[in-house]
Amino acid sequence: MRGINFLRIHVLESFPPSKVKYVEKRFQETKKDWILLVCLGAMSGLGRLVSGRIGDCIPGLKKIYLQVASFMLLGLLCMMIPQCQGFEGVIVICLFLGLCDGFFTTIMAPIAFELVGPMQASQAIGYLMGLMAVPMTAGTPIAGYLNDYFGNYDAAFYFAGVPPIIGGLVLSVVPLVHQRMLKKQRLDSGKDKMLVSEAQPLHSPSTGPFLDGP
């Protein structure tokens, strides 16, 4: 029942409620919890500006490693929140969380262009945003039920750190798979060209009678 009330009260909040409720419950900090919102928003904006500049300096699909680092760091930071002994520690972690959010949000579009090309980039980004909406929607009630079961939000943060780490590991393999696919396409196109050249006649119409023999 408490999980249902948790969802009903906080589902409309723009900020992940588990972090705010965690601060209120563990540190009894109700007047300064808005600082977390400011830290996340400001660092996310800064991360988008900086990552755009850095992404322009990284050639080709190597940009994906920047997103891999953002995902891995995001997962580790989520798992570190229950280890904070004070409200200041949560603020520091939220600063880096916002920075990671800005980085992977900005690099998302260039990576889609590199992988599928400009014609299908919009569709790829749409699918990605749709998949991201699933954990964003389900995260709030799951955090509430985990709090009901364990009596705190520690398990929710530990579980929240697992998907970004898994996503980062999967993304790290994407460039290798993409290179193999390109190499295979080049080999197939080379074979097709060889077959076409072998299928052409040995003489042209202008020189045909001289090559045919007497």
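Conventions used here
Residues numbered from 1 in each chain as written. Predicted model: local features only at pLDDT ≥ 70, side-chain atom pairs only at ≥ 80, totals over all residues. Heavy atoms only, no water. Helix = DSSP H or I, 4+ residues; strand = E, 2+ residues; numbered from the N terminus. Buried < 20%, exposed > 50% of the residue type's maximum accessible area, 1.4 Å probe, protein only. Contact = heavy atoms within 4.5 Å. Areas by Shrake-Rupley, 256 points an atom, 1.4 Å probe, with all protein chains shown as cover. Phe/Tyr/Trp six-rings, centres within 6.5 Å; stacked < 30°, edge-to-face > 60°. Expected span 1.5 Å × (residues − 1). UniProt positions renumbered as here; feature names shortened; annotations may be inferred. pLDDT = per-residue confidence, 0-100. Core = buried A, V, L, I, M, F, W, Y, C linked by side-chain atoms within 4.5 Å. Patch = residues over 30% accessible without salt bridge, like charges linked within 9 Å, V, L, I, M, F, W, Y side chains within 5 Å. Salt bridge = Lys/Arg side-chain N within 4 Å of Asp/Glu carboxyl O.

**With respect to the overall build of the protein chain**
Move 1: Along its length, the protein chain carries eight helices and zero strands.
Move 2: For the protein chain, the N- to C-terminal ordering of α and β elements is α-α-α-α-α-α-α-α.
Move 3: Here the protein chain, with 214 residues, has 33% of them falling under the buried criterion.
Move 4: A sequence separation of at least 24 residues applies to 76% of the contacts in the protein chain between residues at least 6 apart.
Move 5: In the structure as shown, the protein chain presents an accessible area of about 13800 Å², 69% of it carried by carbon and sulfur atoms.

**What to know about the packing of aromatic side chains**
Geometry of an aromatic ring pair is reported as the spacing of the ring centres plus the angle between the planes.
Move 1: Counted under the stated rule, the structure contains two aromatic pairs.
Move 2: With 5.1 Å between their ring centres and 25° between their planes, F71 and F104 make a pair best called stacked. Residue F71 is located in helix α4 (residues 64-80), and its partner F104 is located in helix α5 (residues 87-116); the two are separated by 33 residues in the primary sequence. Judged on exposure class, the residue F71 and its partner F104 are both buried.
Move 3: Taken together, a centroid distance of 4.9 Å and an interplanar angle of 80° make the contact between Y149 and F150 edge-to-face.

**What to know about helix α6 (residues 121-150)**
Move 1: Over its 30 residues, α6 runs 42 Å from end to end, which matches the ideal 44 Å to within 8%, given 1.5 Å per residue.
Move 2: Looking at α6, one finds that the buried residues are A121, T140, P141, A143, G144, L146 and N147.
Move 3: Immediately beyond the C-terminal end of α6, within one or two residues, lies G151, with a positive phi of roughly 85°.

**Considering the UniProt feature "transmembrane region" (unreviewed entry) in the protein chain**
Move 1: Under the present numbering, the feature "transmembrane region" (unreviewed entry) in UniProt falls on residues 34-52, 64-83, 89-113, 125-143 and 155-177.
Move 2: Along residues 89-113 the backbone is 100% helical and 0% strand, and the end-to-end C-alpha distance reaches 38 Å.
Move 3: The annotated region residues 155-177 carries 100% helix and 0% strand content, and the separation between its end C-alpha atoms amounts to 34 Å.

**Considering the confidence of the model for the protein chain**
Move 1: Taken over all residues, the pLDDT of the protein chain has a mean of 75, while the share at 70 or more is 72%.
Move 2: Confidence scores differ between elements of the protein chain, with helix α1 (residues 2-10) showing the lowest mean pLDDT of 33 and α4 the highest of 90.
Move 3: A low-confidence stretch, residues 1-17 stays under pLDDT 50, and its non-local contacts, those more than four residues away or across chains, total 21 contacts.

**Side note on the environment of I165**
Move 1: Structurally, the position occupied by I165 is in helix α7 (residues 154-199).
Move 2: Accessibility expressed as a relative area gives 18% for I165, which makes it buried.
Move 3: Sequence spacing of I165 and L74 is 91 residues, and the spatial spacing of their C-alpha atoms is 7.8 Å.

**As for the nonpolar core**
Move 1: Grouped together as the largest cluster of nonpolar side chains are 28 residues, with contacts concentrated most on L36, I93, C94 and L97.
Move 2: Broken down by element, this core gets its largest block of residues, twelve residues, from α5.
Move 3: Excluding its chain neighbours within four sequence positions, the residues that come into contact with C94 are L36, C39 and L40.

**Focus: a nonpolar patch on the surface**
Move 1: On the surface, L46, L49, V50 and I54 cluster together into a nonpolar patch covering about 340 Å² of accessible area.
Move 2: The residue L46 is located in helix α3 (residues 34-57) in this model.
Move 3: Given the relative accessible area of 40%, L46 is considered partly exposed.

**Quick word on α3**
Move 1: Its 24 residues give α3 an end-to-end C-alpha distance of 35 Å, which sits within 8% of 34 Å, the value for a rise of 1.5 Å per residue.
Move 2: For α3, every residue scored as buried is listed here: L36, C39, L40, S44, G47, S51 and G55.

**Things to note about the pattern of salt bridges**
Move 1: Counting across every chain of the model gives one salt bridge.
Move 2: Residue D101 is joined to R48 by a salt bridge in which the shortest nitrogen-to-oxygen separation is 3.6 Å. Taken as a pair, D101 in helix α5 and R48 in helix α3 lie far apart in primary sequence, 53 residues in all.
Move 3: D101 gets classed as partly exposed once you look at its relative accessible area, which sits at 26%.
Move 4: The partly exposed category is assigned to R48, whose relative accessible area is 41%.

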